[in-house]
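# Residue-level structure breakdown
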Amino acid sequence: NGVPRRGGRIADLARRLADKAGVKGETTSLENTEMSLVERSGRIFYPVFEKRDRPILREFIAVPKQVTVHFLFVGDAPLDLTLFTPEPQAGSIVPVRDPEAHARLLRSWWTDYSAAADARSTPSDFPPLVEEYLVDTLSRRLRLPLAERPPTSATSILKSELNMLAGTEQARQEVARELLLAGPQRPAATETLPEELPPPAPEILNPSEAAVEPLAMHVPIECFYVRFGSFANFLWLRHRLEDWGGEVRDVVSERGFDYGLNKRMERQLGIKESKAAELLGGAVIADVALIGTDAFLREGAAIGVLFEAKNSLALMADFTQQRSAMVKENPGAKQETLRIAGRPVTLVSTPDNTIRSFYAADGNFHLITTSRTIVEWFLATGAQQHESIGGSEAFRLARQHMPLERDDTVFAYLSPAFFHNLLSARYQIELNRRMRSTVEVELVRIARLAARSEGAAAQSIEQLVQVGFLPVGFGQRSDGSQLIDNGDTFTDSLRGAPGTFLPVPDVPVDAVTPDELSRYRRFADSYDAAWGAMDPIVAGVRREELPGGKLERVILDAKAAPLSERHVQLLNQWLGPATTQRLAPIPGDVVAFEAVMRGGSFFAGEEHHLFGALRNADPAIALDPRSGLIAQLFKAQVQGLQGYLGAWPNPGFLKFLGGIIETQPDANGYSRSLTGVWRRQFNGFTLFSLHPEILAMVSQQLHFEEAARPAQIRLRADDLASSQLAPLINAYGYRQSRQIALGNTRYMNMLVEQLHVPPASALTTAEQLLDAKLLEPLGGKYELQALAGGQRAWVSTALVNHPDAKNPPADYQFPALNWLRGVDFELMTQGDLLAVHGELIMPVETRSAGFQLPALPFGLGKPAAKADPDAKQPKPSLPAPSDAPQPTGRREF
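Residues numbered from 1 in each chain as written. Predicted model: local features only at pLDDT ≥ 70, side-chain atom pairs only at ≥ 80, totals over all residues. Heavy atoms only, no water.

## Examining the overall build of the protein chain
Heads up, the condition is: Helix and strand assignments come from DSSP, with helices taken as H or I runs of at least 4 residues and strands as E runs of at least 2, each series counted from the N terminus. Throughout this description, buried means an accessible area under 20% of the type-specific maximum (1.4 Å probe, protein chains only), exposed means over 50%, and partly exposed covers the range between. Note on areas: Shrake-Rupley, 1.4 Å probe, and residue coverage restricted to the protein chains presented here.
Assigned secondary structure in the protein chain consists of 22 helices and 37 strands. Evaluated residue by residue, the protein chain yields a buried proportion of 53% over its 893 residues. For the protein chain, the accessible area works out to roughly 39,400 Å², and carbon and sulfur atoms hold 55% of it.

Written out as structure tokens, the structure is:
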């Protein structure tokens, strides 16, 4: 009768099956499988298990005697079902028509389904875009209500825009929701580009004379500037990032994806790092820097490499040869010579912008960039018609703080003009537009899968709109651009292919919609109220080889100056005056910190030293990577943590830590709170710990000593790999990596469950949807396996081979323990200066050449050093809504 029919509360069946299986409510491990329901003829859709926080399970689930599953189905014939819990149990259900029960059960299904996919209070195991599409689309097609969204506040507006700037999953999800729930009409761009953010107040700097490198005089003021000084330094940083990038990702990321950003950018720029370049680069190149107005590598960045040549003719010849080879190797690529500012500039490009490489030379300075705008600025800078970074007072002040004599391996500078440009109206509005274009592509791909799952012959955007899998008006844009369907790929008619979009500065933004105007003005107001003008930031990295030749000290200095008055006031509210007095290190402290605090609004005027350390920990503590490491470490009930917190000369922030004190202090100043925390007070010191013996030991050694530099915040960590905390960190790292692998398998199994993706195609489909390769951080492989009982699911072989979720294998070592051998960190504010000093002990970077050239004149081409053997090596269709054209041959649920 055209009414969607909802199949099944299968409680009786589930009860019979559970009783038969002997399930009595115990916990069943489902790490590598999923609780799932299968119908022999594939007639069930969008199942959800009651009381599951997401359609895909966490590591464990308590299987009760009654399992309730809601789902949609088509047809009136009996349903032949198999329920995996994970043991398979088969049964049959005969559908009946019961409008009252249908309405009730439809509400039950929707309540569980929409709540499971929403789950804002829990971390997501995988990117949420597929679930967002399903919930929003099913809501529209079945005319079911969505949960109310929280009201928008000034803080959330600022957070939303900053998420957009960072391209986070949350930003992509918000854009997807807007696209899927928007009305059929798209507003026209009738408004002029809004006014910019208020410019930063002019600073009277008057820096003293400081030497400025020639390269900086050719960098436009709107660009970031990362200088390497030599090609060897450039290679050092690149190799560091290549070797350790994955390990850093495994530490800080919830995802195991490789977007191939370096290779993508290398291809777009057309710069190849040959082995000859490694050996001969220093003979041709005097200085090199990475510049750009953004680093949006996932969508397409406005970025370039600027060289100062020792031999311009040789460098130009090399670039010319590389660019000619690039045209020959890439069908569809072409090379043309343009005239920009009266100068010849070559452009090698493809229609989709997967290659977009401008090459311009100005004397000994050579620029290769993705952005025509940056070329224009570069040439104008050389002609002194555009302000350069090196010519600005703020940069000369930065060079005063970090002079050239430091000989930094890496030097980075972010000007106020860089931030002002990045946060400007044209930049932010175009960022939003390109994000929408990217998300449109992802939604079309998901919609195609949903249509294929339900048996609808719809592939194009028009067909998908016609049968209801995309909303009416989808793809209509205010800037006149559109998606071009190339079959398996898409291009944006204005921007090119997703991943290599036209750089933001090169996209014209002439008019905006009323919504874009309103949104930017709200952002500008909230940003100005919350933060104000950005301060210039300068950072330098130096490295020193340590005795033995296997370790090196990497020294980082970063400074922001001059700080705005607002930022100075904010810091002064919380931090006390910088001092060279620091607590002497106590033997046995693995990680220790110290801060000079003013107390903020709670303890105004109570300046104090706040300090603490972690000495040991029970490795059996199951720290959850998804719940916040720091929050868990400071839970008082975690008795396995051995450490302390203290303050001097008054308790300050620790005033309420002890809670209600159960006993009066004894003669030695010891007392205990009802929560089990011990306290000792003596000589102005206040110490807290879960272990009184630690208080006794530490209190005997507390004293101050003179430090090399004044600071307000200090942090120190020993070689974690050889510390007593190594087992805990190793276990935490293993659980983090395990969670990444589980998230990827659950994503693939979710595609099978929710979109009927053929199991054998789930890995390929997942990587196409994400435009990324799924990584397995534990060294295993993703495989489709037949599990006990016949269920087929994607698993990680590393998890199958080691089912223990808490304890890592005996031969496992968290990669971060390999390369972080010690940390010293200091932060200091003084007047309008904020300075950070850090020292990291790391293994020496070792990369041998793939081959060795014969001996060359002047000592060039010497054999590369052998790699250190101890170093780590790289490794059926729902009814369409009434406002859409009705398709023929519809199937009913």
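Past the structure itself, the notes keep going.
## With respect to the pairing of strand E22 (residues 537-545)
Just so we agree on the cut-off: Pairing between strands requires that DSSP locate at least two bridges from one strand to the other.
Bridge analysis of strand E18 (residues 410-414) against E22 gives 5 bridges, and the strand direction is antiparallel. From the neighbouring strand, valine 410 faces E22, where its bridge partner is valine 541. In this structure, the hairpin formed by E22 and strand E23 (residues 551-560) is closed by a connection of 5 residues, where glycine 548 is found at a positive phi of approximately 105°.

## A closer look at the pairing of E18
Of the pairings in the sheet, the one linking strand E10 (residues 224-227) to E18 comprises 3 bridges and is antiparallel in character. Residue tyrosine 225 lies in a different strand from E18, and its bridge partner there is tyrosine 413.

## So, the nonpolar core
Test applied: For our purposes a nonpolar core is just a set of buried Ala, Val, Leu, Ile, Met, Phe, Trp, Tyr and Cys residues, chained together by side-chain atoms within 4.5 Å. Two residues qualify as a contact provided that any one of their heavy atoms is within 4.5 Å of a heavy atom in the partner residue.
In terms of nonpolar packing, the biggest core is built from 150 residues, with Trp109, Tyr133 and Tyr225 touching the most fellow members. Per-element accounting of this core gives the leading share, 13 residues, to helix H13 (residues 425-453). The residues touching tyrosine 133, leaving out its near neighbours within four places in the chain, are Leu180, Leu443, Ile446, Ala447, Ala450, Phe469 and Leu470. One finds Ala558, Leu645, Phe688 and Leu834 within the second-largest nonpolar core, a separate group that totals 18 residues.

## So, the sheet that holds strand E8 (residues 88-93)
Threshold: The axes are straight lines fitted to the C-alpha atoms, using for helices just the contacting stretch, and the angles between their N-to-C directions are given from 0 to 180°.
If you trace the 3 strands from one edge of the open sheet to the other, you get E3-E7-E8, paired in antiparallel fashion. Bordering the open sheet on either side are strand E3 (36-39) and E8, each of which pairs with just one other strand. Adjacent strand axes in the sheet meet at a mean angle of 25° when their direction is disregarded. Bridge count for E3 against strand E7 (residues 79-84) is 4 bridges, and the pairing is antiparallel. Bridge pairing links serine 36 to phenylalanine 84 in E7.

## Description of the packing of aromatic side chains
Each aromatic ring pair is characterised by the separation of its centres together with the angle its planes make. The following threshold applies: Stacked, edge-to-face and tilted labels apply to pairs of Phe, Tyr and Trp rings (six-membered ring for Trp) whose centres lie within 6.5 Å, assigned for plane angles under 30 degrees, over 60, and everything in between, in that order.
Summed over all chains, the structure comprises 21 aromatic pairs. Measuring from ring centre to ring centre gives 6.1 Å for phenylalanine 395 and phenylalanine 411, while their planes differ by 90°; the resulting arrangement is edge-to-face. Highlighted residues: phenylalanine 395 in helix H11 (residues 393-401) and phenylalanine 411 in strand E18, separated in sequence by 16 residues. With a centroid separation of 5.3 Å and an interplanar angle of 70°, the aromatic rings of phenylalanine 418 and phenylalanine 419 are classed as edge-to-face. Among the aromatic residues, those joined into a cluster by ring pairs are Phe45, Tyr46, Trp109, Trp110 and Tyr113.

## Section: the confidence of the model for the protein chain
The test is simple: Scored from 0 to 100, pLDDT reflects the predictor's confidence in each residue.
Counting all residues, the mean pLDDT for the protein chain is 80, and 78% of those residues have values of 70 or more. Note on residues 1-30: pLDDT under 50 across the span, and 87 contacts to partners over four residues away in sequence or across chains. With pLDDT under 50 throughout, residues 627-637 is counted as low confidence; its partners more than four residues away or in other chains account for 13 contacts.

## Side note on helix H18 (residues 692-699)
We count it as follows: Along the arc lie the directions from the helix axis toward the C-beta atoms.
Looking only at H18, the buried set comprises Ile694, Leu695, Val698 and Ser699. All buried residues of H18 fall inside an arc of 115° around its axis, so they share one side.

## Considerations on the packing of helix H3 (residues 129-142) against helix H5 (residues 169-181)
How we decide: Every angle not falling under 35 degrees, over 145, or within 65 to 115 is termed oblique; those three ranges are roughly parallel, roughly antiparallel and roughly perpendicular. When the near helix sits turned anticlockwise from the far one by under a right angle, the crossing is termed left-handed; a clockwise turn instead gives a right-handed crossing. Polarity classes work like this: nonpolar for Ala, Val, Leu, Ile, Met, Phe, Trp, Tyr, Cys and Pro, charged for Asp, Glu, Lys and Arg, and polar for all others, with Gly in that last group.
H5 packs onto H3 with a crossing angle of 20° between their chain directions and a minimal axis gap of 10 Å. Compared by their axis directions, H3 and H5 come out roughly parallel. Our pair here, H3 against H5, has a crossing hand that is right-handed. From H3, Leu129, Glu132, Tyr133, Asp136, Thr137 and Arg140 reach across to H5, where they touch Arg172, Gln173, Ala176, Arg177, Leu180 and Leu181. Considering only residue class, the contact of H3 with H5 consists of 5 nonpolar, 2 polar and 5 charged.

## Focus on H5
An α-helical turn contains 3.6 residues, so any two residues separated by three or four positions project in the same direction. The following threshold applies: By this rule the span expected of a helix is its residue count minus one, scaled by 1.5 Å.
The terminal C-alpha atoms of H5, which comprises 13 residues, lie 18 Å apart, in line with the 18 Å expected from a rise of 1.5 Å per residue. All of the buried residues in H5 are Ala171, Arg172, Gln173, Val175, Ala176, Arg177, Leu179 and Leu180.

## Some remarks on the environment of leucine 695
Among the secondary structure elements, leucine 695 is positioned in helix H18. Spatially, the C-alpha atom of leucine 695 lies 9.9 Å from that of glutamine 681, the residues being 14 residues apart in sequence.

## Section: unusual backbone geometry
For the peptide bond that leads from tryptophan 648 to proline 649, omega is 0°, which places it in the cis range. Mapping proline 649 onto the fold places it in the loop between strand E27 (641-648) and strand E28 (670-672). For alanine 341, which is not glycine, the phi torsion reads 55° and is therefore positive. Considering the arrangement of structural elements, one finds alanine 341 in the loop between strand E14 (334-340) and strand E15 (343-349). Overall, the relative accessible area of 62% leaves alanine 341 in the exposed class.

## As for the side chain of serine 357
The condition is simple: Two N or O atoms form a polar contact when they lie within 3.5 Å of each other; inside protein one atom must be a possible hydrogen donor and the other a possible acceptor, and for residues adjacent in sequence the pair counts only when both atoms belong to side chains.
Tracing the chain through its elements places serine 357 in strand E16 (residues 356-362). Within polar-contact distance, the side chain of serine 357 engages the backbone oxygen of leucine 269 at 2.5 Å. Those residues in contact with serine 357, other than ones at most four positions away along the chain, are Gln268, Leu269, Arg323, Thr346, Leu347, Val348, Ile368 and Thr369.

## Some thoughts on the packing of helix H19 (residues 726-755) against helix H20 (residues 762-770)
Running from amino to carboxyl end, H19 crosses H20 at an angle of 105°, the nearest separation of the two axes being 9 Å. When the axis of H19 is compared with that of H20, the two are roughly perpendicular. Contact residues: H19 offers Tyr747, Met748, Leu751 and Val752, while H20 offers Ala762, Leu763, Thr765, Ala766, Leu769 and Leu770. Of the residues belonging to the contact of H19 with H20, the class tally is 9 nonpolar, 1 polar and no charged.

## Quick look at the environment of histidine 837
Looking at where histidine 837 falls in the secondary structure, it is placed in strand E37 (residues 833-843). In sequence terms histidine 837 and lysine 559 are 278 residues apart; their C-alpha atoms lie 8.8 Å from each other. Beyond its immediate stretch of four places on either side in the chain, histidine 837 contacts Ile555, Leu556, Asp557, Arg709, Asp824, Phe825 and Glu826. Reaching out from histidine 837, the side chain makes a polar contact with the side chain of arginine 709 at a distance of 3.4 Å. At 2.9 Å, the side chain of histidine 837 and the side chain of glutamate 839 are in polar contact.

## With respect to the pattern of salt bridges
Note the cut-off: Here a salt bridge means any side-chain nitrogen of Lys or Arg lying within 4 Å of a carboxyl oxygen belonging to Asp or Glu.
Throughout the structure, instances matching the rule amount to 32 salt bridges. Salt-bridge contacts for arginine 399 lead to glutamate 213; the nearest nitrogen and oxygen are separated by 3.0 Å. Taken together, the positions of arginine 399 in helix H11 and glutamate 213 in the loop between strand E9 (191-192) and E10 put the pair 186 residues apart, joining distant regions of the chain. You can call arginine 399 buried: its relative accessible area is 2%. Here arginine 553 ties to glutamate 839 by a salt bridge, and the two come within 3.3 Å at their closest N and O atoms. Note that arginine 553 is positioned in strand E23 and glutamate 839 in strand E37, a separation of 286 residues in sequence. Note on arginine 553: relative accessible area 25%, which makes it partly exposed.

## A few points about the environment of valine 512
The topology assignment puts valine 512 in strand E21 (residues 511-512). A sequence separation of 83 residues divides valine 512 from isoleucine 429, and the C-alpha atoms of the two residues are 8.1 Å apart. Excluding anything up to four places from it in sequence, valine 512 contacts Ala188, Ala189, Thr190, Glu191, Thr192, Leu193, Pro194, Ile429, Arg433 and Leu517.

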